[in-house]
Amino acid sequence: MIWLQAAIGLIAAGIWTLTNGVQAGLAAMAGAGISVFMTFYVAMRWSLRSAAESEPRAILGAFYRAQMMKLLLGTVLIFAAVYAFREEAGALVITLALTLAAYGLVLLGDID
């Protein structure tokens with residue numbers, strides 16, 4: 001999942017750089033980085049937490065806590081990045097949305 005998000009982000013950043021300049025490419029990289037970080041955070045937090053717990057209720061609780069913290073961290077990172085890249089916020093947000101669409105691509109595929 002992280003590799004797919006990184007690939008989508010790099011392609012989008014390349015396109016933004018070619019069409020709108022280096023600053024737009026950097027903003028796109030920031031958007032992709034936020035998306036990859038959020039996915040990595042949940043994966044690590046949940047896997048480390050659920051490995052120590054064996055009860056299904058505790059595993060589900062760890063998952064929900066990781067998701068909530070991801071949303072809080074994501075919100076802070078997105079606001080900070082949009083503030084930093086005010087002029088190129090479109091590139092940042094569009095690339096972030098494209099990388100988050102990777103979840104849908106994975107769910108459409110074989111998830112066995």
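About the cut-offs
Residues numbered from 1 in each chain as written. Predicted model: local features only at pLDDT ≥ 70, side-chain atom pairs only at ≥ 80, totals over all residues. Heavy atoms only, no water. Helix = DSSP H or I, 4+ residues; strand = E, 2+ residues; numbered from the N terminus. Buried < 20%, exposed > 50% of the residue type's maximum accessible area, 1.4 Å probe, protein only. Contact = heavy atoms within 4.5 Å. Areas by Shrake-Rupley, 256 points an atom, 1.4 Å probe, with all protein chains shown as cover. Lys, Arg positive; Asp, Glu negative; His and termini not counted. Charge placed at Lys NZ, Arg CZ, Asp CG, Glu CD. Core = buried A, V, L, I, M, F, W, Y, C linked by side-chain atoms within 4.5 Å. Axes fitted to C-alpha atoms, helices over the stretch in contact; angles between N-to-C directions. Parallel < 35°, antiparallel > 145°, perpendicular 65-115°, else oblique. Left-handed = near helix turned anticlockwise from the far one by under 90°. UniProt positions renumbered as here; feature names shortened; annotations may be inferred. Patch = residues over 30% accessible without salt bridge, like charges linked within 9 Å, V, L, I, M, F, W, Y side chains within 5 Å. Salt bridge = Lys/Arg side-chain N within 4 Å of Asp/Glu carboxyl O.

### Considerations on the overall build of the protein
Step number 1: Secondary structure summary: the protein contains five helices and zero strands in total.
Step number 2: Starting at the N terminus, the α and β elements of the protein follow one another as α-α-α-α-α.
Step number 3: By its C-alpha atoms, the protein is 50 × 30 × 15 Å across when sized along the principal axes.
Step number 4: Taking all 112 residues of the protein together, 31% fall into the buried category.
Step number 5: In the protein, the proportion of contacts linking residues at least 24 apart, taken out of those at least 6 apart, comes to 73%.
Step number 6: Of the roughly 7,200 Å² of accessible surface on the protein, a fraction of 73% belongs to carbon and sulfur atoms.
Step number 7: Here the protein carries 6 positive and 6 negative side-chain charges, and the mean point of each set is 12 Å from the other.

### Let's talk about the nonpolar core
Step number 1: Within the largest apolar cluster, 13 residues are counted, with the highest numbers of intra-cluster contacts made by W16, A27, I34, A91 and L92.
Step number 2: Ranked by residues supplied to this core, first place goes to helix 2 (residues 22–52) with five residues.
Step number 3: When sequence neighbours within four positions are dropped, the list of residues in contact with L92 reads A27, A28, A30, G31, A81, V82 and F85.

### A short note on the packing of helix 3 (residues 56–84) against helix 4 (residues 89–100)
Step number 1: The interhelical angle for the contact between helix 3 and helix 4, taken along N-to-C directions, is 150 degrees, at an axis separation of 8 Å. Considered as vectors, helix 3 and helix 4 are oriented roughly antiparallel to each other. The two elements helix 3 and helix 4 meet at a crossing, and its hand is right-handed. Along its contact with helix 3, which presents I78, A81 and V82, the element helix 4 presents A89, L92, V93 and L96.

### Some details on the UniProt feature "transmembrane region" (unreviewed entry) in the protein
Step number 1: Under the present numbering, the feature "transmembrane region" (unreviewed entry) in UniProt falls on residues 27–48, 68–85 and 91–109.
Step number 2: For residues 68–85, the helix share is 94%, the strand share is 0%, and the end-to-end C-alpha distance is 26 Å.
Step number 3: Between the first and last C-alpha atoms of residues 91–109 the distance is 27 Å; the span itself is 89% helix and 0% strand.

### Observations concerning a nonpolar patch on the surface
Step number 1: Residues M1, L4, L100, Y103, L105, V106 and L108 make up a contiguous nonpolar surface patch of about 590 Å² in total accessible area.
Step number 2: Sorting elements by how many residues they give to the nonpolar patch places helix 5 (residues 102–108) first, with four residues.
Step number 3: Within the element layout of this structure, L4 appears in helix 1 (residues 2–20).
Step number 4: Judged by relative accessible area, which is 33%, L4 ranks as partly exposed.

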